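As a plain string of letters, each chain reads:
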Amino acid sequence: MTDRAPSSLVELTLTRIRLFFREPSAVFWTFGFPLLLSVALGVAFRNRPPQPVVAAIAAGPGAEEALRAVVAAGQKGAVLPVAAARAALRTGKTDVVVLPGSPRTYEYDPTREDSRLARLVVDDLLQRAEGRRDPTAVAEVTVTEPGSRYVDFLIPGLLGVNIMSAGMWGIGYVIVETRQKKLLKRLVATPMRRSEYLLSFVILRLLFVFLEIPVLLGFGWLAFSVPVHGSLALLVAISLVGALCFAGMGLLVACRAQNVQTVGGLINLVMMPMFLLSGVFFSASHFPDLLQPFIRVLPLTALNDALRLVMNEGLGLAAVGPRLLLLAGLAIVTFAAALRWFRWS
Amino acid sequence: MSELAIRCRGLVKAYDDVVAVDGLDLEVRRGECFGLLGPNGAGKTTTLEVLEGLLAPTRGEVEVLGRRWADGAAWLRQRLGITLQETRLSDKQTVREAVSLFRSFYPRGRDVDEVIGLVSLEEKRDAWYEKLSGGQKQRLAVACALVGDPELLFLDEPTTGLDPQSRRQLWEVVAAMKAEGRTVVLTTHYMDEAERLCDRVAVVDHGKVIALGTPRELIERVVGHEVVEFQAAAALDEARLAALPGVRAVHRRNGAFALTVDRVHRTVPALLGELDGAGARLDRLSTHSATLEDVFVALTGRRLRD
């Protein structure tokens, strides 16, 4: 007989932590998968040195001189019979066809970015080779620095997705699994405080933000030198509010579902639109204006935007305030609704 | 303090399409081991879940340890230990972690290691739940029920699906609980289990108690001491069989007869004489001591496991 009463909130939270780390798939999806994704996408979309344009020069008088000028300017070219040169343009093997003569004719496809660029570059270098002088001297400064690359855009988006899916699966799925096993019913037959049970999930999510941020941002910094321009503390605060919001949504999808298939479907139903629309892999501004008001109120949009404003643009609380308020408001609404409808059996 | 651990009157639990419990009365005394017997679907589990405060009754009065669920829930939860029929704990939690977690819910309770010892799981203390056998899982469930030091234990089919050795191990645990003065209420459809463990049993069918008493009382009152079963290839007159010396009742099952009798040695010679007289050929004859199974058959005309 003991009267020592260990804190049930501590025991519940420890249980949650242990069960998480003993489930390899949970660890992989929370930590491993975002890292793999950032490696794959970071490498696929890494900034490459500027590519030379490719010109096909039609055989005839002046063709060899033109080719020499193209190669001397660091671009690529070849002298081909006219028919072969046009075929190369049609199949995308060359960006522009040059027909030397007077007038010199460029054949190109104006709807192709590369093709338009090649026409301008080749004309410019040939004119210079022929002795053109520019009326105004120009100078150039090139900017290729960390903070403006694709991977810099991607990492905050992955952090946002991570916070969303960890909340939805880690709370929604786990609670329904517990209900399906009748373990929830067994627990409420004890004097356990129901609020402490739910709170243990929320605490877990908040604690894990302090793992998810270092893992993702640390990796981004080590592998791609992705910088954090703004305040790290603000970044953590945004992540915590985001975690609370998605904890509320996780509770909400779990509050009635009787089996894991149902809750799995619900979670995908909630997450899929945000996954696509909320600017994880590319900016949400690419979507039509009609969709924008809807996209702006999605919690993942608010979270990703806020994370990017701080990480990429170095802005402060004033800039992210409205988005934080949206997340906090949604957290309150979802928690209230979930607690109202929650079924313990 | 009330002498009764449970008092339940006119309990009704109705769902949209079915009445699971239909006016059930029950009194369980403090310190006794009480069994609810009956086939699947008789309403045993529903009754238990109402008593455990997990289901609200449609009608009827329920008092547990002298309190009602409406105003005594928090008080009652600290004093009850429960195993449910189909609970599965977390697969990757060790025995000790599970018991510690349940211990943390109770302001007063027993030592975690002591309880693990009580159910003989010391060697599995650090094993994950998913690695345990069915019997070990069930004993762990009992340990989780015991760690709050309950006055009243509810065990819902504690040995269903277990092998004979695991059943005996659980019986020892229940006997030990009883010896400590705790009240135990269990459901079972194993008659041997009820005869062995229970001070009193209630036979439940279609949501009602149809017989109540100690196992011996029920057997003697309803059935008699012994049962003579035989099969004969001839039409026999039930009234003439019933009139044989010492016969209490005659049942027909699948073409065979079962006579419940007070004394086999008086009835059997008379039965053989009767069969001779009728020119019937005796195919099979056996006798056994009456059990609760026979009580159930006598009361309902059905077998428990049907």
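Residues numbered from 1 in each chain as written. Chains lettered and ligands numbered in written order. Predicted model: local features only at pLDDT ≥ 70, side-chain atom pairs only at ≥ 80, totals over all residues.

### Details of the overall build of chain B
The condition that has to hold: Strands here mean DSSP runs of E at least two residues long; helices mean DSSP runs of H or I at least four residues long; both are numbered from the N terminus. Field definition: a residue is buried when 20 or more other C-beta atoms are found within 10 Å of its C-beta, exposed when 12 or fewer are, and partly exposed for counts in between, with C-beta atoms placed from the backbone. Contact between two residues is assigned when their C-beta atoms, built from the backbone, lie within 7 Å.
A count of helical and extended segments in chain B gives 11 helices and 13 strands. Dimensions of chain B along its principal axes, counting C-alpha atoms only, are 75 × 45 × 35 Å. Relative to its 306 residues, chain B shows a buried fraction of 44%. For chain B, contacts bridging at least 24 residues in sequence account for 72% of all contacts bridging at least 6.

### Concerning the overall build of chain A
This is how the line gets drawn: Values of the radius of gyration come from C-alpha atoms, whereas the globule rule sets the reference at 2.2 Å times the count of residues to the power 0.38.
A tally of regular secondary structure across chain A gives 13 helices and 4 strands. Taken over the C-alpha trace, chain A has a radius of gyration of 29 Å; the compact-globule value for 345 residues is 20 Å, which it surpasses by more than 25%. Dimensions of chain A, computed from C-alpha atoms along their principal axes, come out at roughly 105 × 40 × 40 Å. Taken over 345 residues, chain A has a buried fraction of 38%. Here the analysis covers contacts within chain A between residues at least 6 apart in sequence; of these, 73% occur between residues at least 24 apart.

### So, the pairing of strand β1 (residues 54-58) of chain A
Residues and elements named next belong to chain A. Applied cut-off: Crossovers are described as right-handed under a simple rule: with the strands pointing away from the observer, the path leading from the first strand over the helix to the second runs clockwise. Only strands that DSSP links by at least two bridges are regarded as paired with each other.
Most of β1 is tucked away, with 5 of its 5 residues classed as buried. Along β1, one buried face is formed by Val 54, Ala 56 and Ala 58 and the opposite face, lined by Ala 55 and Ile 57, is buried too. Viewed along the sheet, the connection from β1 through helix α3 (residues 63-72) into strand β2 (residues 76-80) turns out right-handed. Where β1 lies against strand β3 (residues 96-99), 3 bridges are found, and the strand directions are parallel. Residue Ala 55 lies in a different strand from β3, and its bridge partner there is Val 96.

### A look at the interface of chain A and chain B
Rules: In this count, Pro and Cys sit with the nonpolar residues alongside Ala, Val, Leu, Ile, Met, Phe, Trp and Tyr, while Asp, Glu, Lys and Arg are called charged and the others, Gly among them, polar.
Of the residues lining the interface, 23 residues belong to chain A; the matching set on chain B comes to 29 residues. Breaking the side of chain A that touches chain B down by element, the ones donating at least two residues are α1 (8-21) and α7 (183-188) of chain A. When the residues that make up the side of chain A that touches chain B are grouped by side-chain class, the tally is 8 nonpolar, 6 polar and 9 charged.

### Points about the sheet that holds strand β13 (residues 282-289) of chain B
Residue and element names in this part refer to chain B. Threshold: Lines fitted to C-alpha atoms define the axes here, with helix axes fitted over just the stretch in contact, and angles between the N-to-C directions of these axes take values from 0 to 180 degrees.
The 4 strands are arranged β11-β12-β10-β13 in an open sheet whose pairing can be described as antiparallel. Each end of this open sheet is capped by a strand with a single partner; those strands are β11 (247-253) and β13. Taken pair by pair, the neighbouring strands of this sheet meet at an average axis angle of 20°, ignoring direction. Pairing of β11 with strand β12 (residues 256-261), which is carried by 6 bridges, proceeds in the antiparallel orientation. Bridging across to β12, Val 247 finds its partner in Val 261. On the sheet, helix α10 (residues 264-278) packs against β10 (226-232), β11, β12 and β13 and is oriented at approximately 15° with respect to β10.

### Examining unusual backbone geometry
At the junction of Ser102(A) and Pro103(A), the peptide bond is cis and its omega measures out at -5° in the coordinates. In this structure, Pro103(A) sits in the loop between β3 and β4 (105-108). Located in the positive-phi region is Lys182(A), a residue other than glycine, with phi close to 65°. When you line up the elements, Lys182(A) lands in the loop between α6 (150-180) and α7. For Leu65(B), which is not glycine, the phi torsion reads 50° and is therefore positive. Among the secondary structure elements, Leu65(B) is positioned in the loop between β4 (59-64) and α2 (69-77).

### Re the domain arrangement of chain B
Our working rule: Segment limits for the domains were obtained from an automatic or database-derived domain assignment.
Under the domain assignment used here, chain B contains domain 1 (4-215) and domain 2 (225-289). On a C-alpha basis, the centres of domain 1 of chain B and domain 2 of chain B stand 41 Å from each other.

### Observations regarding the nonpolar core
Basically, it comes down to this: Working definition: the nonpolar core is a set of buried Ala, Val, Leu, Ile, Met, Phe, Trp, Tyr and Cys residues, joined through C-beta atoms within 7 Å.
Among the nonpolar cores identified, the biggest contains 152 residues, and Val253(A), Val99(B), Ala143(B) and Val295(B) are the most heavily contacted of them. The biggest single contributor to this core is α6(A), with 16 residues. With sequence-adjacent residues up to four places away left out, Val295(B) is seen in contact with Val203(B), Ala211(B), Leu218(B), Ile219(B), Val222(B) and Val223(B).

### Points about the packing of helix α3 (residues 95-104) of chain B against helix α5 (residues 134-146) of chain B
Residues and elements named next belong to chain B. Selection criterion: Here the word oblique covers every angle except those under 35 degrees (roughly parallel), over 145 (roughly antiparallel) and from 65 to 115 (roughly perpendicular). Whether a crossing is left-handed or right-handed is set by the direction in which the near helix is turned from the far one by less than a right angle, anticlockwise for left-handed and clockwise for right-handed.
Here α3 crosses α5 at 30°, and the two axes come no closer than 8 Å. Comparing the axis directions of α3 and α5 gives the class roughly parallel. Where α3 crosses over α5, the two elements pack in a sense that is right-handed. Seen from α3, the contacting residues are Val 95, Ala 98, Val 99 and Phe 102; seen from α5, they are Leu 140, Ala 143 and Cys 144. Here the contact of α3 with α5 is built from residues that sort into 7 nonpolar, no polar and no charged.

### Points about the confidence of the model for chain A
Rules: As a per-residue measure, pLDDT reflects the predictor's confidence and takes values from 0 up to 100.
For chain A, the mean per-residue pLDDT works out to 88, and 96% of the residues sit at or above 70. Of all helices and strands in chain A, the one with the weakest mean pLDDT is helix α2 (residues 24-44) of chain A (84), whereas helix α9 (residues 232-254) of chain A scores best (95).

### Some thoughts on the sheet that holds strand β1 (residues 4-14) of chain B
Residue and element names in this part refer to chain B. In spatial order, the strands read β2-β1-β4; together these 3 strands make up an open sheet with antiparallel pairing. Each end of this open sheet is capped by a strand with a single partner; those strands are β2 (19-29) and β4. Taken pair by pair, the neighbouring strands of this sheet meet at an average axis angle of 15°, ignoring direction. The pairing of β1 with β2 spans 8 bridges and is classified as antiparallel. The partner of Cys 8 across the bridge, within β2, is Leu 26.

### Re the domain arrangement of chain A
What the domain assignment reports for chain A is domain 1 (54-129) and domain 2 (147-341). If you average the C-alpha positions of domain 1 of chain A and of domain 2 of chain A, the two centres end up 52 Å apart.

### Let's talk about the environment of Thr15(A)
Its location among the elements puts Thr15(A) in helix α1. Spatially, the C-alpha atoms of Thr15(A) and Gly101(A) are 81 Å apart, while their sequence positions differ by 86 residues. Leaving out residues up to four positions away in the same chain, Thr15(A) has contacts with Gln93(B), Glu97(B) and Leu101(B).

### Examining the environment of Glu238(B)
Residue and element names in this part refer to chain B. Note on placement: Glu 238 falls in helix α9 (residues 238-242). Taking the number of C-beta atoms within 10 Å as the measure of exposure, Glu 238 has 11 and is therefore exposed. Through-space distance from the C-alpha of Glu 238 to that of Ala 74 is 58 Å; in sequence the pair is 164 residues apart.

### Overview of the packing of α6(A) against α9(A)
All names here are of chain A. It is at 8 Å that the axes of α6 and α9 come closest, and there the two elements cross at 35°. The crossing of α6 and α9 is right-handed. Taken together, the residues of α9 that come into contact with α6 (itself represented by Leu 159, Gly 160, Ile 163, Met 164, Gly 167, Met 168, Gly 170, Ile 171, Gly 172, Ile 175 and Val 176) are Ser 239, Gly 242, Ala 243, Phe 246, Ala 247, Met 249, Gly 250, Leu 251, Val 253 and Ala 254. Considered class by class, the residues forming the contact of α6 with α9 number 14 nonpolar, 7 polar and no charged.

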